[in-house]
Amino acid sequence: MRITRVLLYLAIILSIISIIMSIGSEIRFSKFQNYMESLFNRQNAKVNDNISMLNTKLEEMEKYFEPNGIVEKFINYKSNLEKHLNDLEKLLTLAQEDKNVGYFQLYITGSREVWIGIKDEKGKYVFQGMLKPGLSPYKFYFFKDPSIRTSYTINVPYNSQIQTANPDNVYFLIQEPGQRRLKKMPEAKIKNISEELNLYIPTIRGK
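For the structure given in this document, a descriptive report is provided here. (Residues numbered from 1 in each chain as written. Predicted model: local features only at pLDDT ≥ 70, side-chain atom pairs only at ≥ 80, totals over all residues. Heavy atoms only, no water.)

### Digging into the sheet that holds strand β7 (residues 161–163)
Taken together, the four strands give an open sheet; going across it, the order is β3-β2-β7-β10, and neighbouring strands pair in antiparallel fashion. At either end of the open sheet lies a strand with only one pairing partner, and these are β3 (125–131) and β10 (189–190). Here strand β2 (residues 114–119) runs beside β3; their pairing, made up of six bridges, is antiparallel. Paired with Ile-116 across the bridge in β3 is Gly-129. (Pairing = 2+ DSSP bridges. Helix = DSSP H or I, 4+ residues; strand = E, 2+ residues; numbered from the N terminus.)

Right, dumping it as structure tokens:
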């Protein structure tokens, strides 16, 4: 009987200990769960704040790229400024009246663009491009330098080569010291502009 009672008491004590440990584990689990929920809520709030901030920045950026926005205005302004500067360079080039220099301009007849290539004596291109019908804005200086340099004033050697596939549509408006004259391109390829265009160059002619 005494052993039975001891075992019974022992079983009751173990049960109580087990219940206490279970309650303790439940309390710890509840605290851990609350901690994780709090951590999740804080992280979720941060993520939501970042998303909200990102959406705000995206909305601000959309304003830049929307029609008539800052980006479009900047592109238009830049394009207009480049056009005006380009027009200004053309005007400065055409307005130059250098009488003691030698240069020529190209006049293109017809309704289509004409390709023109100019090489130096070594065969290196100093100019090539498609020129529109009418008087080209480029001035090619073969004797002395222009008084004002622009992107349309190009120095070419006096013995340059000129080539085109449409010689019948190309005319030279030649400015030489003391005179101006017009000359049609004689053939598709000119091997030496000084000789074949009979350019007047005092330092070469000795006069």
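Let's pick the thread back up.
### What about the nonpolar core?
Proteins that are soluble and globular tend to have nonpolar side chains buried together. Of all hydrophobic cores here, the largest spans 23 residues; its most connected members are Phe-104, Ile-116, Phe-142, Ile-162, Phe-172 and Ile-193. Where this core is concerned, the elements lending two or more residues are β1 (102–108), β2, β3, β5 (139–143) and β8 (170–176). Leaving out residues up to four positions away in the same chain, Phe-172 has contacts with Phe-104, Gln-105, Leu-106, Ile-162, Arg-181, Leu-182, Lys-183, Lys-184, Met-185, Ile-190 and Leu-197. (Core = buried A, V, L, I, M, F, W, Y, C linked by side-chain atoms within 4.5 Å. Buried < 20%, exposed > 50% of the residue type's maximum accessible area, 1.4 Å probe, protein only. Contact = heavy atoms within 4.5 Å.)

### So, the side chain of Asp-120
The residue Asp-120 is located in the loop between β2 and β3 in this model. Lys-124 is the oppositely charged side chain nearest to the buried, salt-bridge-free Asp-120, at an N-O distance of 6.1 Å. Polar contacts involving the side chain of Asp-120 include one to the main-chain amide nitrogen of Lys-122, which spans 2.9 Å. Filtering out sequence-adjacent residues up to four positions away, Asp-120 remains in contact with Val-126, Pro-157 and Gln-161. (Lys, Arg positive; Asp, Glu negative; His and termini not counted. Salt bridge = Lys/Arg side-chain N within 4 Å of Asp/Glu carboxyl O. Polar contact = N/O pair within 3.5 Å; in protein donor to acceptor, adjacent residues only side chain to side chain.)

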